Amino acid sequence: MTAPDPAPRPARRRLRVTGTVQGVGFRPFVHRHATALGLDGVVRNEGQGVVIEVQGPADALDELARVVRDEPPARARVSDIVAEALPSGATDRGFRIDTTRTGGPATSPIGVDTAPCAACLAEVDDPNDRRHRYPFTNCTDCGPRYTITRTVPYDRPATTMAGFTMCPACRREYEDPSDRRFHAQPNACPACGPRVAWRSPNGIVRAEGDAGLTAAAAALAGGAIVALKGVGGYHLAVDATDEGAVVELRRRKVRDDKPFAVMVADLGAARSLGHLDEASEVALADPGRPIVLVPRRGDAPTAAAVAPDLPELGLLLPYSPLHHLLLAAVDRPLVMTSGNISDEPIAHTDDDAVARLGPMVDGLLTHDRPIHIRCDDSVARATADGVRLLRRSRGFAPEPLTLPRPTGRPILAVGAELKSTVAVAWDATVVASHHIGDLEHLATHRSFLQAIDHLLGLYDLDPAVVAHDLHPEYLSTKLALDLDRPLLGVQHHHAHVASCLVEHGRAGPVLGVAFDGTGYGTDGTLWGGEYLVADLEASRRVGHLRPLTLPGGAAAIREPWRMAAAWRHAAGLAPDPPPSVDPTMADGVTGLVTSAQGPLTSSVGRLFDALGSLVTGRVRATYEAQAAIELEALARQVERVDVVEWDEVLSSDRIDGVAVLDPGALVARLVTELGRGRPPSEVAAAAHDALGRGVAALAAELAGAAGVGTVVLTGGVFQNRRLSEVVADDLRARGLEVLEHHRVPCNDGGISIGQAAIAAASS
Ligand code: ZN
Ligand code: ZN
Ligand code: FE
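The text that follows walks through the structure, step by step, so that each part is easy to find. In this text the structure is predicted, and so the values were computed from the model without any measurement.

1. What to know about the packing of aromatic side chains
Next up, step 1: Tallied over the full model, the rule gives 5 aromatic pairs.
Next up, step 2: Aromatic pair Tyr134 and Phe136: ring centres 5.6 Å apart, planes at 65°, arrangement edge-to-face. Note on accessibility: Tyr134 and Phe136 belong to one class, buried.
Next up, step 3: Among the aromatic side chains, those forming a connected cluster through ring pairs are Phe515, Tyr531 and Phe718.
Next up, step 4: The ring of Phe260 has Arg250 sitting right over it, with the charged end atom 4.1 Å from the ring centre.
Next up, step 5: Above the ring of Tyr319, the side-chain terminus of Arg394 is found at 3.3 Å from the ring centroid.

2. Concerning the coordination of the zinc ion (ligand 1)
When a metal holds four donors in a tetrahedron, each ideal angle between them is 109.5 degrees; when it holds six in an octahedron, the ideal angles are 90 or 180 degrees.
Next up, step 1: The protein atoms donating to the zinc ion (ligand 1) are Cys117 (SG), Cys120 (SG), Cys139 (SG) and Cys142 (SG), with metal-donor distances spanning 2.3 Å.
Next up, step 2: Viewed at the metal, the 4 donor atoms of the zinc ion (ligand 1) are separated by angles of 104 to 120°, and the geometry they form is tetrahedral.
Next up, step 3: Here the donor residues of the zinc ion (ligand 1) share one chain and are spaced in sequence as C-x2-C-x18-C-x2-C.

3. As for the coordination of the zinc ion (ligand 2)
Next up, step 1: Protein coordination at the zinc ion (ligand 2): the donors are Cys167 (SG), Cys170 (SG), Cys189 (SG) and Cys192 (SG), at 2.2 to 2.4 Å from the metal.
Next up, step 2: Positions of the donor residues of the zinc ion (ligand 2) along the chain correspond to the pattern C-x2-C-x18-C-x2-C.
Next up, step 3: Judged by relative accessible area, Cys192 falls into the buried class, the value being 11%.

4. Considering the sheet that holds strand β19 (residues 465-469)
Each strand in a sheet pairs with another by means of backbone hydrogen bonds, the pair being arranged parallel or else antiparallel.
Next up, step 1: Read from one edge of the open sheet, 4 strands run β18-β17-β19-β20, paired in mixed fashion. Each end of this open sheet is capped by a strand with a single partner; those strands are β18 (423-432) and β20 (487-490). Strand-to-strand twist across the sheet, computed as the mean angle between neighbouring axes with direction ignored, equals 60°.
Next up, step 2: Bridge analysis of β19 against β20 gives 4 bridges, and the strand direction is parallel. Each residue of the ladder has a partner; that of His468, found in β20, is Gly489.

5. A closer look at the pairing of strand β26 (residues 651-655)
Next up, step 1: Inspection of the sheet shows β26 paired to strand β27 (residues 658-662) by 5 bridges, in the antiparallel sense. Looking at the pairing, Asp653 lines up with Val660 of β27.
Next up, step 2: In this structure, the hairpin formed by β26 and β27 is closed by a connection of 2 residues, where Asp656 is found at a positive phi of approximately 50°.

6. Digging into the packing of helix α13 (residues 492-504) against helix α22 (residues 751-761)
Next up, step 1: In contact at an axis separation of 7 Å, α13 and α22 are set at 85° when each is read in the N-to-C sense. Overall, the two elements α13 and α22 adopt an arrangement that is roughly perpendicular. Judged by residue contacts, His492, His494, Ala495, His496, Ala498, Ser499 and Val502 of α13 engage Ile751, Ile753, Gly754, Gln755, Ala757 and Ile758 from α22.
Next up, step 2: Of the residues in the contact of α13 with α22, the class split is 7 nonpolar, 6 polar and no charged.

7. Thoughts on the nonpolar core
Next up, step 1: Counting 68 residues, the largest nonpolar core has Leu511, Val513, Tyr531 and Leu731 as its most contacted members.
Next up, step 2: Here this core takes 14 residues from helix α20 (residues 680-706), the largest share from any one element.
Next up, step 3: If we skip the residues at most four places from it in the chain, Leu511 touches Tyr531, Leu532, Val533, Val542, Ala699, Leu702, Ala703, Val708, Thr710, Val711 and Val712.

8. Observations concerning the pattern of salt bridges
Next up, step 1: What the rule picks out here adds up to 57 salt bridges.
Next up, step 2: A network of salt bridges, in which partner residues are shared, links Glu312, Arg381, Glu632, Arg636, Arg640, Arg721, Glu725 and Asp729.

9. A short note on helix α15 (residues 561-570)
Next up, step 1: Along α15, 9 of the 10 residues are buried, which leaves the element largely enclosed by surrounding structure.
Next up, step 2: Trailing α15 by a residue or two, Gly572 shows a phi angle of about 85°, which is positive.

10. With respect to the packing of helix α1 (residues 26-36) against helix α2 (residues 58-70)
Next up, step 1: Running from N to C, α1 and α2 point in directions that differ by 145°, and their axes come no closer than 10 Å. The two elements α1 and α2 meet at a crossing, and its hand is right-handed. Counting all contacts with α1, which are made through Phe26, Phe29, Val30, His33 and Ala34, the residues of α2 involved are Leu64, Val67 and Val68.

11. Points about the pairing of strand β12 (residues 312-316)
Next up, step 1: Of all 5 residues in β12, 5 are buried; the element is thus mostly enclosed.
Next up, step 2: Burial along β12 is two-sided: Glu312, Gly314 and Leu316 and Leu313 and Leu315, pointing in opposite directions, are all buried.
Next up, step 3: In this structure, strand β10 (residues 261-263) lies alongside β12, joined through 3 bridges in parallel fashion. For Ala261, the partnering residue across the bridge sits in β12 and is Gly314.
Next up, step 4: Judged from the 4 bridges that link them, strand β11 (residues 291-295) and β12 form a sheet pairing that is antiparallel. Bridge assignment links Val294 to a residue of β12, and that residue is Leu313.

What counts and how
Per chain, residue numbering runs from 1 following the sequence as it is written. Chains carry letters from A onward and ligands carry numbers from 1 onward, assigned in written order. In keeping with the model being predicted, local features are shown solely for residues with a pLDDT of at least 70 and side-chain atom pairs are shown and tallied solely at 80 or more, while totals for entire chains, interfaces and linings include all residues. Processing note: side-chain calculations cover all non-hydrogen atoms of the structure and skip hydrogens and water entirely. Stacked, tilted and edge-to-face are the three classes assigned to paired rings of Phe, Tyr and Trp, where Trp is represented by its six-membered ring and a pair needs centres within 6.5 Å; plane angles under 30 degrees give stacked, over 60 edge-to-face, the rest tilted. The buried label applies to any residue whose accessible area, calculated with a 1.4 Å probe on protein chains only, is under 20% of its type's maximum; exposed applies above 50%, and partly exposed to all values in between. Criterion for a charge above a ring: Arg CZ or Lys NZ at most 6 Å from the ring centre, at most 35 degrees from the ring normal. Note that water is not among the atoms considered, so a metal site may appear incomplete; the donors listed are N, O and S atoms within 2.8 Å of the metal, with 3.2 Å applied to Na, K and Ca. Just to be clear on the cut-offs, tetrahedral is four donors with all angles between 85 and 135 degrees, square planar is four donors and octahedral six with opposite donors over 155 degrees apart and all others between 65 and 115, and anything else goes down as irregular. A pair of strands is treated as paired once DSSP finds two or more bridges between them. Secondary structure is summarised from DSSP: a helix means a run of H or I of at least four residues, a strand means a run of E of at least two, and numbering begins at the N terminus for each. Only the contacting stretch of a helix is used when fitting its axis, a line to C-alpha atoms as for every element, and angles between N-to-C directions run 0 to 180 degrees. Every angle not falling under 35 degrees, over 145, or within 65 to 115 is termed oblique; those three ranges are roughly parallel, roughly antiparallel and roughly perpendicular. Here, two residues are considered to be in contact whenever any of their heavy atoms come within 4.5 Å of each other. We call Asp, Glu, Lys and Arg charged. Ala, Val, Leu, Ile, Met, Phe, Trp, Tyr, Cys and Pro are nonpolar, and the rest, Gly among them, are polar. Think of a nonpolar core as a cluster: buried Ala, Val, Leu, Ile, Met, Phe, Trp, Tyr and Cys residues, connected wherever their side-chain atoms sit within 4.5 Å. Every case where a carboxyl oxygen of Asp or Glu lies within 4 Å of a side-chain nitrogen of Lys or Arg is listed as a salt bridge. Crossing chirality is assigned from the near helix's rotation relative to the far helix, an anticlockwise turn below a right angle marking it left-handed and a clockwise turn marking it right-handed.

Note that all results are geometric; they support no functional claim without further evidence.
Below, the structure is given as structure tokens:
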């Protein structure tokens, strides 16, 4: 900051504010404070952020800078303020908002889509308000942002609201600096804004406006399956208490057991379905409105088919006024699952919705505000030490993060393959996209290319380097190779560790424990149980899980009994395939396992699949890591106690100076205790706790050997709370610092951020 001007005449300054400062009510906020401080000048959006040129007493200027830095609007994030003294002189009296200046590189992060604020909801519910029951009510503090923004600077013509002309009343609000809708770009009302339409499955409009909403609510109350256009795409909605309707939705959507999310009207309704602690309530009410995983109440009226065989429910609160009105009208919890078949991208355009979803639904509740970019719901879990995002998407993307090491050149990071996200970085900023999905689907691949174009376009970047995974078969890697730009291949687990470092603002070195399903190793084998000594520049593999044959490649992921057979063999037992498996197949797998043929993997994700299959008897998984998730659910039925069972079942050897963790004895012990008839929940708990303690003991040893005092826990396996709690507690008890994931997913959704941070540090 510049020193206060000692001269008696007024000082004049230019403040350049960067961060998330557009689309979050920043200019009205500056206007309000500058006016209250009696300052003269202007505030405007520029591509790079917000620029304030202001004149007045030096102490008032200091106070304005302080307020901007310390008390910005709720959804703003100020990353930097650069102040510059200007010669003072004659100026217009008063403070105003200047029209947007375009030109220059557009690099200001735009806001995230935000749930309706209390003031807007009060209007929607007020029969005397002109926005009574209006589903698109918003203000400078709330409403859609990322999903309607085509380009920056963020102004109405740059959004999908460009086609709606504000009525005189809305225009007055928009232009009145004292109004809470001053420069609210999506401002709208029933007279001038978007409208809902209730359509038949073939797209014919049956009713519009409030009548359409009422018709959709009546259909839902009668058990119909409805496609609902939300903020980032279409949902498929159905009465969550209607078993038959939920089962029918699974059939039409071609989805076996993967749990559905449930939207409830408010926190009171959420409490009737799940056991909510304070952290869960805070997470549910977050303006980003993620789906929050909570323990299901025994007496919850939700249908069993909502989340088969799982003790948890994914709940979310309404995140637009349309949801708010619909939930109030239907007066029961609604399944809200992404509008797609199986794992395709969600539908977000109206034509696509009619074409793809029409055949699956009894009607569509649409509206005429276009969605520019599709954006799935975010998913979170609340823990005692804060919210952990498992999927960072609507309401959170594209919120920028700060790079621990800034970059001198623009970066594009293309992520991995599953749970794909992409990221761009410049200077000290990294911005990750919404959740794109699994790139193995062609349609998702198209969506991936759109996300890259959108991010590069929004921030007007021409990447000087493209960071990618080392896996030669990932579609993201192939795309990177096609881009004709300098490339940086980043090892998968190094990227996981770096993604955790980013959210803690650290550069390392640390000991990274990176456990996941699969990542391509520097030796060409499939890694997934890695101990790395890493910083943002480099990583060194100092330990890993004992590698085993992956019997049947991808089939071993879909059929966890195969890894169970491999681990039984490794434990010195007969592979013993389950009797329900086709005998030829069983013999084939036994042959692969006993002859140690096929690709090797050190994956802890696959180890958990195996343990899950052994304990629960699950033969086939209908969604990723199902056996492991069910194993954790069993383990959580048993309290963690201080009794140390199953000690010494994890051994580690040194092979060529690298530690190899061998859970063979643990597998043998688990099989023995199950054979003796010990309850599966106790066996599952003992296995988690013994594995966790062994993992931590080796981590502590390797950290000590490397001379580092910090351990990073990363990779999708650490979504397992039982395991992460045991490992983290044990490490902390040993005096080590433990870094875990909160804002950046620990799964492959965070990989693009880690790749970008590594590319930045190496530039
Ligand atoms: Zn509002
Ligand atoms: Zn209007
Ligand atoms: Fe991974």
